[in-house]
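A structural walkthrough
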There are 2 protein chains.
Amino acid sequence: MQQIWLSLLSGLCLRLVFYCSAEEGLEFPNFDGKDRVLDINERNYKKALKRYDLLCLFYHEPVPANKGLQKRFQMTELVLELTAQVLENKDIGFGMVDSQKDVKVARKLGLEEVGSLYVFKDDRVIEFDGELSADTLVEFLLDVLEDPVEMINNAMELRAFERMEEDIRLIGYFKGEDSYYKAFQEASERFQPYIKFFATFDKSVAKHLSLKMNEVNFYEPFMEEPAILPGRPLTEMDIVEFVNQHRRATLRKLRAENMFETWEDDMDGIHIVAFAEEEDPDGYEFLEILKDVARDNTNNPELSIVWIDPDDFPLLTTYWEKTFKLDLFRPQIGVVNVTDVSKSLTAPNVWLDMSNDEDLPTAEELEDWIEDVLSGRVNTEDDDESADDQENSDSYNTEDSDESHDDDDDDDSDD
Amino acid sequence: MQQIWLSLLSGLCLRLVFYCSAEEGLEFPNFDGKDRVLDINERNYKKALKRYDLLCLFYHEPVPANKGLQKRFQMTELVLELTAQVLENKDIGFGMVDSQKDVKVARKLGLEEVGSLYVFKDDRVIEFDGELSADTLVEFLLDVLEDPVEMINNAMELRAFERMEEDIRLIGYFKGEDSYYKAFQEASERFQPYIKFFATFDKSVAKHLSLKMNEVNFYEPFMEEPAILPGRPLTEMDIVEFVNQHRRATLRKLRAENMFETWEDDMDGIHIVAFAEEEDPDGYEFLEILKDVARDNTNNPELSIVWIDPDDFPLLTTYWEKTFKLDLFRPQIGVVNVTDVSKSLTAPNVWLDMSNDEDLPTAEELEDWIEDVLSGRVNTEDDDESADDQENSDSYNTEDSDESHDDDDDDDSDD
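Predicted model, so just to flag it, every value in this text is computed and none were measured. (Residues numbered from 1 in each chain as written. Chains lettered and ligands numbered in written order. Predicted model: local features only at pLDDT ≥ 70, side-chain atom pairs only at ≥ 80, totals over all residues. Heavy atoms only, no water.)

Some thoughts on helix H8 (residues 179-189) of chain A
Residues and elements named next belong to chain A.
- Where H8 is concerned, the buried positions are Tyr181, Ala183, Phe184, Ala187 and Ser188. Taken around the axis of H8, the buried residues stretch over an arc of 155°, which confines them to a single face.
- Elements in contact with the buried residues of H8: strand E6 (149-151), strand E7 (169-173), strand E8 (196-200), strand E9 (216-219) and helix H10 (236-246).
- Structurally, the start of H8 carries an N-cap: the backbone nitrogen of tyrosine 180 is 3.2 Å from a side-chain oxygen of aspartate 178. (Buried < 20%, exposed > 50% of the residue type's maximum accessible area, 1.4 Å probe, protein only. Helix = DSSP H or I, 4+ residues; strand = E, 2+ residues; numbered from the N terminus. Arc of directions from axis to C-beta. Contact = heavy atoms within 4.5 Å. Polar contact = N/O pair within 3.5 Å; in protein donor to acceptor, adjacent residues only side chain to side chain.)

Let's talk about the side chain of threonine 136 of chain A
All names here are of chain A.
- The topology assignment puts threonine 136 in helix H6 (residues 134-145).
- At 3.0 Å, the side chain of threonine 136 forms a polar contact with the side chain of serine 133.
- Residues within four places of threonine 136 in sequence aside, it is in contact with Phe128, Glu131, Ala256 and Glu257.

A short note on the sheet that holds strand E1 (residues 37-39) of chain B
Residue and element names in this part refer to chain B.
- With mixed pairing, the five strands of this open sheet are ordered in space as E1-E3-E2-E4-E5. A strand with exactly one partner marks an edge of an open sheet, and here the two such strands are E1 and strand E5 (124-128). Direction aside, neighbouring strands of the sheet carry axes that sit 25° apart on average.
- In the packing of helix H4 (residues 67-86) onto the sheet, contacts are made with E1, strand E2 (54-60), strand E3 (92-98) and strand E4 (117-121), and the angle to E3 comes to roughly 165°. (Pairing = 2+ DSSP bridges. Axes fitted to C-alpha atoms, helices over the stretch in contact; angles between N-to-C directions.)

Re the packing of H4 of chain B against helix H6 (residues 134-145) of chain B
Residue and element names in this part refer to chain B.
- Look at H4 against H6: their axes get within 9 Å of each other, and the N-to-C directions meet at 45°. Taken together, H4 and H6 sit at an angle that is classed as oblique. Of the two possible hands of crossing, H4 and H6 adopt the one that is right-handed. On H6, the residues touching Val79, Leu80, Leu82, Thr83 and Val86 of H4 are Ala134, Leu137, Val138 and Leu141.
- Within the contact of H4 with H6, the residues separate by chemical class into eight nonpolar, one polar and no charged. (Parallel < 35°, antiparallel > 145°, perpendicular 65-115°, else oblique. Left-handed = near helix turned anticlockwise from the far one by under 90°. Nonpolar A, V, L, I, M, F, W, Y, C, P; charged D, E, K, R; others polar.)

A closer look at the side chain of asparagine 349 of chain B
All names here are of chain B.
- On the secondary structure map, asparagine 349 appears in strand E15 (residues 349-351).
- Judged by relative accessible area, asparagine 349 falls into the buried class, the value being 8%.
- Here tryptophan 351 takes part through its side chain, which lies 2.7 Å from a polar atom of the side chain of asparagine 349.

Regarding the domain arrangement of chain A
Residue and element names in this part refer to chain A.
- Examined at the domain level, chain A breaks down into domain 1 (38-145), domain 2 (150-247) and domain 3 (252-375).
- Put simply, the middle of domain 2 and the middle of domain 3, counted by C-alpha atoms, are 29 Å apart.
- In this assembly, eight residues from domain 2 lie in contact with eleven residues from domain 3.
- When the buried surface of domain 2 facing domain 3 is broken down by residue, Glu166, Tyr194 and Phe222 rank first, second and third, together holding 55% of it.
- Linking domain 2 to domain 3 there are five salt bridges. (Domains from an automatic or database assignment. Buried area = accessible area lost by both parts, 1.4 Å probe. Salt bridge = Lys/Arg side-chain N within 4 Å of Asp/Glu carboxyl O.)

Topic: a negative patch on the surface
- Taken together, the side chains of Asp53, Asp91, Asp122 and Asp123 of chain A make up a negatively charged region of the molecular surface.
- On the secondary structure map, aspartate 123 of chain A appears in the loop between strand E4 (117-121) and strand E5 (124-128). (Patch = residues over 30% accessible without salt bridge, like charges linked within 9 Å, V, L, I, M, F, W, Y side chains within 5 Å. Areas by Shrake-Rupley, 256 points an atom, 1.4 Å probe, with all protein chains shown as cover. Lys, Arg positive; Asp, Glu negative; His and termini not counted. Charge placed at Lys NZ, Arg CZ, Asp CG, Glu CD.)

Quick look at the sheet that holds strand E13 (residues 305-308) of chain A
All names here are of chain A.
- Taken in spatial order, the five strands line up as E11-E13-E12-E14-E15 in an open sheet, and their pairing is mixed. The strands lining the two open edges of the sheet, one partner per strand, are strand E11 (251-253) and strand E15 (349-351). For this sheet, the mean inter-axis angle between neighbouring strands, taken without regard to orientation, is 30°.
- In the sheet, strand E14 (residues 332-337) pairs with E15 via three bridges, with the strands oriented antiparallel. In the strand pairing of E15, valine 335 is matched with valine 350.

Quick notes on unusual backbone geometry
Residue and element names in this part refer to chain B.
- The peptide bond linking glutamine 192 to proline 193 adopts the cis configuration, its omega dihedral lying at -5°.
- Mapping proline 193 onto the fold places it in the loop between helix H8 (179-189) and strand E8 (196-200).
- For the peptide bond that leads from arginine 232 to proline 233, omega is -5°, which places it in the cis range.
- Along the chain, proline 233 turns up in the loop between strand E10 (227-228) and helix H10 (236-246).
- Phi at aspartate 122 takes a positive value of approximately 50°, unusual for a residue other than glycine.
- Topologically, aspartate 122 is positioned in the loop between E4 and E5.

A look at the environment of aspartate 98 of chain A
Residue and element names in this part refer to chain A.
- Counting through the fold element by element, aspartate 98 comes out in strand E3 (residues 92-98).
- Note: C-alpha distance between aspartate 98 and phenylalanine 58 (40 residues apart in sequence) is 8.5 Å.
- Beyond its immediate chain neighbours, meaning those up to four positions away, aspartate 98 contacts Tyr59, His60, Glu61, Pro62, Val63 and Val103.
- Polar contacts involving the side chain of aspartate 98 include one to the main-chain amide nitrogen of glutamine 100, which spans 2.8 Å.

Here it is as structure tokens:
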């Protein structure tokens, strides 16, 4: 039994359990024992939808017969209970939907992925496919409660907007809360909170961003120049379609709130994964090189690099080090085959050897390597037959493949 | 019993418990049931100290007789067990020291604060007085394992260094790994990982920072110009003393890894607390104003503002909203009396009313208010007799106290 509890301790905070009164002002919540999570069924789901501003439904497999698995299931409920308690003043309902018992309800509500949490807000459904921990979930739901469009009113707020280079962002310039703004707002609700929408009614802010009236700019993460959405004024569907077409960025950061969704969205079965700690000078330098590579290749739909900052996932860091045989105190980049896991317990993977050099590779060297990955010259197959516990998969060497790559594409001059 | 488990669920990740094999590459660790945490006593503590690169000892109250409290105690052990497992390749030992049974060992090892975790590294002891969760602890210990001095070798790494404005940082320019560098390194070990030490052997990096040979600069968080440590070359003790004198910053960010230590370090029983979400345009703007205020008052030893980014503490956000009767979707600043908690369950607190304005206060207005706090014109006493569940403590109004504050101190022109 101990094992079950232990597997669940990731972000657990205990200190305050001992010393509650000592730290007035910093008390982590204790569950009060009150049941708040509903057992959703055909009789009560409509009422629940009506009653709350937000309704969060966890779509789960039937409760298992096995006692150990039952405990795990209870723990999921408890995460939801604690989340519900913490957010109890926010008018959010919580419920569980059984994929077998409540199959009709699930169909009516459009629940599809078992293990996902679905958030109903007005007429929209938002899927949460991230780390199911109370803190990630609370943060996510607080984001969902905010207005989907954030206003940019002055130069300082504009600076805040310009700093958010990790996020997909849209910004529109409107006269006021007219029908064009409303269309933008409706579109924003479809992507909240994953994609950030901003608007300004201020002429000088618009001028700074070179935005014409009723125009909308789309910022891909880490890109210096935005893309301008074609046509204006834009309808809700114009915006929705554009975002759907462009939402997989050339360089995307892995985040707890949608980590599994990102991981499932692989590129033909592989991920190019880069580990870089932004707070570390080495990691920062490598990340800047990655950004250069992404900027040079922003028009290549074949390329999407997943950037993982190990600082964001402390409990996974040593797991990655073990699984991929890496030193994550240093930046790393490699290819992980996420579909080919049947052959061994570990997803096949191969990493760029950067251990011999004092210096990190240049953007050009990295681009050559990525080209080799995309063309299949570097792949995880080579390594596949050798044992899993082999020392290091750094057999690949940039020198070997220093062929001329003169097929530079000239179509990346977007402005 | 359920209550006990529930109180511990803060950052808990469950999704992977259900769907382990589905997400190859993102598997959160499950405890393997192996005991790794030692019961430290007089017979084994010396051996433990010798055996590991790092030894982490949790100094705790005697195991309680009460069954519920016992469970809580076991949970603490389990956090340590999971941390030990996750870091098992890193040569770190873990142990528990009972403040009653092991009083002699505790005295010999210099353990003082019950509820703290002490990390022994070489001849140093590092106290961890932060959120006792597995992820915070793992991240902290990985930081302790890194070299205490980080080298800055080129312009890109220098940019990384310059971006870290939230941290206390020192940087020294040395010829190489000579005795002066060694003194700097020895000093760094005393503050690792709370205060960051950097060094460069590179002339152009030093020139960019206006560093002379064997000179050390001290960067207070959010300040534009560093202080130069007096004298050079510097001994270890010169550096240690300077850091100890200057380590309480005018504006300091609350962090999970030392949140209780920061909170205990109040200013005559009060904290000036500012809530601002850096990712939010409003929050960013307010934070920039705060930085201006901090820069203007960097030489005032009476002033230290604790900045809390609600995004860093999702589980505490609604607790703060309730306790202090605030809306944390907006930036806030107030005074919390942390010693005067006996009179009521809630620490007395009073907040600057910013709700009526579209605009945030200017740096000048904020400075006036802070002056009123420091002079006692704004204090938590006024509010004290009124009931806890009173609507809002925004009775204070900047207008009322718009007296002339012509005692501007001229000594803040440091350059």
